[in-house]
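Coordinates in review
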Amino acid sequence: MSSYDSFEDFPAPAPRISDLARVHGPDYLAGLNTEQRAAVEATEGPVLVLAGAGTGKTRVLTTRLAHILATGRAKPWELLVVTFTNKAAREMRERITAIIGPQAEGLRWLGTFHSVAAQVLRRHAELVGLKSNFTILDTDDQERLIKQVLEVENVDAKRWTPKTLAGLIDHWKNRGWTPDRLPANEGREFAAGKGQALYRLYQERLRVLNACDFGDLLLHNLTIFMSQPEVLAEFHRRFRYILVDEYQDTNVAQYLWLRLLGQASQNVCCVGDDDQSIYGWRGAEVDNILRFERDFPGATVVRLERNYRSTSHILAAASGLISANKGRLGKTLWTEQNGGEKVIVRGVWDGEAESRLIADEIERAKKGSTDKDPRKYRDMAILVRASFQMRAFEERFVLLSIPYTVVGGPRFFERAEIRDAHAYLRLIQSPDDDLAFERIVNTPKRGIGDTTVQKLLQIARLSGVPVMTAAREVVLTDELAARTRTALANFIRDLDRWRGQAETLHHARLTEQVLEESGYTDALRLDKTPTAQTRLENLKELVQSMGNFDTLQAYLEHVSLVMDMDRGPQADAVQIMTLHAAKGLEFPLVFLPGWEEGVFPSQRSMDESGEKGLEEERRLGYVGITRAREEARISFVANRMVYGRWTSQLPSRFVDELPLANVEASSETGYYGGGPGMQQQHGSSWDATPAFGSGYDSPGWQRAQARGYQGSHPGRQQVIQGEGRLVAESSAASDFKRGDRVFHQKFGYGQVKGVDGNKLTVAFEKAGDKKVIDSFVEKG
DNA sequence: CACCAAGGACTTTTT
DNA sequence: GTCCTTGGTG
């Protein structure tokens, strides 16, 4: 009992019902629709809230919390509130604070699954053979550790890669399987049946290092809850209400965790949307949400079906697409925003044409027109299936000076230089951190090579001591060459000195000093590449961000669980991101390029997960379309460069599944598109496409054409070209004026004599007379 | 031990 | 096409 005292050690006073009622009254319920209100007020027993896209899910969650608190059903620290991402947790906390005020600080158990599980584990680490100050390894550390295990076991690490095993182990942990609970047939195919043994060895190594990986946080919780009923009972008393966001994304381990914690009170409220489950590839089980009513008998099920985000055409297009999925709980979303534009779909010639088209439309939307208000760049987003699709857009935007930001990408704390700096700090804090030692013993290069490191590792392993200890002993012998020995001794001496200073020096200052004295920053300064420049800046940013934490320990704890950092205020820029990254966001105008078989739906998804994979891809499409408030534009190409190879593409089956009543072909399609009659262009970048038109005769393209998605004008486009290379491009004939020198694919150079709508009158030097043209004009 | 060339991989992404 | 790892050579 006493070990839980500190649970109540929250900074804010407990909210008093009277205060809440006085300050907020019944106000917080105002403005909710009937269903939302039902979800908020169902405070007894299990509740499943099926919240369709844009139906006010977060609002319901936060209001429900406020309601439970305001009606005195629980104290803030008696609520368990779990989300998947730090961002979601942060947002939730902010929004609750807005309703209930500073008492929200008492919400001690609001966080991600992993951060809450880490808190639980710190209390009871000894029950699974860890100390409460265990370190949390990220995927990088994890893979290096697995690599070592493979080496020790003489497994051919080329045939059986650490990555593969890491993936397997992760999969097992997601399913709640410890080495002991692993089904006999699992891991058979890895390293001639050694999978299970390797898993066991890896867990053993983790325990010795007093470390755990992300999967362990939950898995150890499960082990504790299942083997120690009195510990579980404590948490049953603790958590009177449980709230779960994005329930459709929970994996088996998380599901078991929730069920164990919720079985006593039954006050489990899960919010989610089975149609937006897009993380199956990392262990999410849509099944969890599909069978909620069986798991929690007597559950109240509330469907939020009124969408406040999108127009009816957008909603209907998305609903039509998702209706092709089987095994849904089923919802009928509706909106009062009738009309609006239909979803525009079109087929274009290749990836270049696609980015050209979208960039042009962005420029046009930015400018506005007589019937449309100008849009801000930030109100437009391009949502792609895979990041390789982003490059075409970036190149185009750079060319046209359209501001853009790529959302996602490699994250701050995962960058090599940041991880290096952390490794120094970790090693200063705990000399036994072997993984940190290995990472930086020769970073920057100080003459301690692979051979030496391997030797140290071997000695450490043989005598069962940390590598640092082994190194200390080795420098006293003559086992190493004199030069190596000196380098290693200096390294150890430096670390000891920094460790001594750590007690008095602020950790931000210490970091600065370590980076300087280790030669790390010097090495970067000598490197004149732009990358090195960025890295130096990142390190500066790191030192700055450390100032927000009281102790080094607090800082390190933060970065291991919170792998993101608040980016500064968003500039006005077009947002480019993957469909996955777009979840939870919305934009007035959304572009959905690359709807081609194999790209989207992704071939790999279908190969690896068959029908299930295809359905998840379809949900991804649903998520994509429902991000749009006012306009959604889907496109697909005939030819696409993938990893340096030209491939001919077929329109995605999802294109066929869109309800015709809610989609239309763009009136300008022909401007960019290549119809079946398109001719091969010489002297342009098109020369490089060997796959000319091959897809056009296919049933897929014929269906697309029948739906009107293909341009009726065969292959018109306008290009500005210089030195044989594409340097810029015009979007319309109106970009030309009388007197401009132009180049035409067929007629050569000429001068513009007149502009009329989309037609130019040009006097060509070679042809010797004036021609009216509407295509293939390039500024010369 | 450091450097360079060749070979292979390469969805999605959180914690 | 690009990035990263690995293997060979100086």
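Since we're looking at a predicted model, the values are computed, not measured.

Around DNA strand B, 32 residues are found, and the nearest of them are Ser387, Gly449, Thr578, Arg604 and Ser605. Restricting the count to atoms of DNA strand B within 4 Å of the protein gives a sugar and phosphate share of 59%. Contact distances for DNA strand B include 3.3 Å between a phosphate oxygen and a backbone N or O atom of Gly447. In the model, a phosphate oxygen of DNA strand B is placed 2.6 Å from a nitrogen or oxygen of the Tyr643 side chain. If you list the elements that add at least two residues to the surface near DNA strand B, you get helix H19 (450-463) and helix H27 (603-626). No other element matches H27, which puts four residues into the surface near DNA strand B. Residues of the surface near DNA strand B, tallied by class, amount to eight nonpolar, 15 polar and nine charged.

Attention now moves to the sheet that holds strand E6 (residues 241-244). Sheet strands pair by backbone hydrogen bonding; their relative direction is either parallel or antiparallel. With respect to topology, six strands assemble into an open sheet ordered E3-E2-E6-E7-E1-E8, the strand pairing being parallel. Across the chains shown, the open sheet's two edge strands, defined by having one partner strand only, are strand E3 (110-112) and strand E8 (300-304). The sheet shows a mean angle of 15° between the axes of neighbouring strands, taken without regard to direction. The pairing of E6 with strand E7 (residues 268-272) spans three bridges and is parallel. The residue bridging Ile242 from the neighbouring strand is Val268, located in E7. Across the sheet, helix H2 (residues 34-41) lies against strand E1 (47-51) and E8, angled at about 145° from E8, the strand it touches most.

In this structure the tally under the stated criterion is 58 salt bridges. Asp249 serves as the salt-bridge partner of Lys583, at 2.5 Å between the closest nitrogen and oxygen. Of the two residues, Lys583 is situated in the loop between helix H26 (579-582) and strand E13 (587-592) and Asp249 in the loop between E6 and helix H11 (252-262); the sequence distance between them amounts to 334 residues.

Once that is clear, we can look at the environment of Asp550. If you trace the backbone, Asp550 turns up in the loop between helix H24 (530-546) and helix H25 (552-561). Separated by 70 residues in the primary sequence, Asp550 and Leu620 have C-alpha atoms spaced 42 Å apart.

The sites that UniProt annotates as "binding site: ATP" (unreviewed entry) are Ala51, Gly52, Ala53, Gly54, Thr55, Gly56, Lys57 and Thr58. Relative to the helices and strands, Ala51 resides in strand E1. On the accessibility criterion, Ala51 (3% relative accessible area) is buried. Filtering out sequence-adjacent residues up to four positions away, Ala51 remains in contact with Lys57, Val271, Gly272, Asp273, Gln276 and Leu304. Mapped onto the secondary structure, Gly56 falls in the loop between E1 and helix H3 (57-70). Look at Gly56 and you get partly exposed, because its relative accessible area is 26%.

Before going further, it helps to examine the packing of aromatic side chains. Counted by the stated rule, this structure contains 19 aromatic pairs. Between Phe437 and Phe491, the aromatic rings sit 5.8 Å apart at their centres with planes inclined by 70°, giving edge-to-face as the arrangement. Of this pair, Phe437 sits in helix H18 (residues 434-440) while Phe491 is found in helix H21 (residues 482-502), placing the two residues 54 residues apart along the sequence. Both residues of the pair, Phe437 and Phe491, count as buried. Their ring planes at 70° and their centres at 5.0 Å tell us that Trp595 and Phe600 sit as a pair that is edge-to-face. Exposure class is identical for Trp595 and Phe600. Each is buried. Looking at Arg282, its charged tip hangs above the ring of Tyr279, at a distance of 3.8 Å from the centre. Seen from the ring of Tyr377, Lys366 lies directly overhead, with NZ or CZ sitting 4.6 Å from the centre.

With that settled, consider the layout of surface pockets. Computed from the structure, the second largest pocket encloses a volume of approximately 1100 Å³. Along its surface, the second largest pocket is lined by 47 residues, and Thr135, Leu209, Asn210, Ser430 and Asp433 are the ones closest to its centre. Elements represented by at least two residues in the lining of the second largest pocket include exactly strand E4 (135-136), helix H6 (139-152), helix H8 (195-208), helix H17 (416-429), H18, H19 and H25.

Rules behind the numbers
- Residues numbered from 1 in each chain as written.
- Chains lettered and ligands numbered in written order.
- Predicted model: local features only at pLDDT ≥ 70, side-chain atom pairs only at ≥ 80, totals over all residues.
- Heavy atoms only, no water.
- Near = heavy atom within 4 Å.
- Polar contact = N/O pair within 3.5 Å; in protein donor to acceptor, adjacent residues only side chain to side chain.
- Helix = DSSP H or I, 4+ residues; strand = E, 2+ residues; numbered from the N terminus.
- Nonpolar A, V, L, I, M, F, W, Y, C, P; charged D, E, K, R; others polar.
- Pairing = 2+ DSSP bridges.
- Axes fitted to C-alpha atoms, helices over the stretch in contact; angles between N-to-C directions.
- Contact = heavy atoms within 4.5 Å.
- Salt bridge = Lys/Arg side-chain N within 4 Å of Asp/Glu carboxyl O.
- UniProt positions renumbered as here; feature names shortened; annotations may be inferred.
- Buried < 20%, exposed > 50% of the residue type's maximum accessible area, 1.4 Å probe, protein only.
- Phe/Tyr/Trp six-rings, centres within 6.5 Å; stacked < 30°, edge-to-face > 60°.
- Lys NZ or Arg CZ within 6 Å of the ring centre and 35° of its normal.
- 1 Å grid on protein atoms, 1.4 Å probe; cavity = no way out; pocket = protein on both sides within 12 Å on 5 of 7 lines; lining within 4 Å.
- Points joined across faces, edges and corners; volume = space filled by probe spheres on them.

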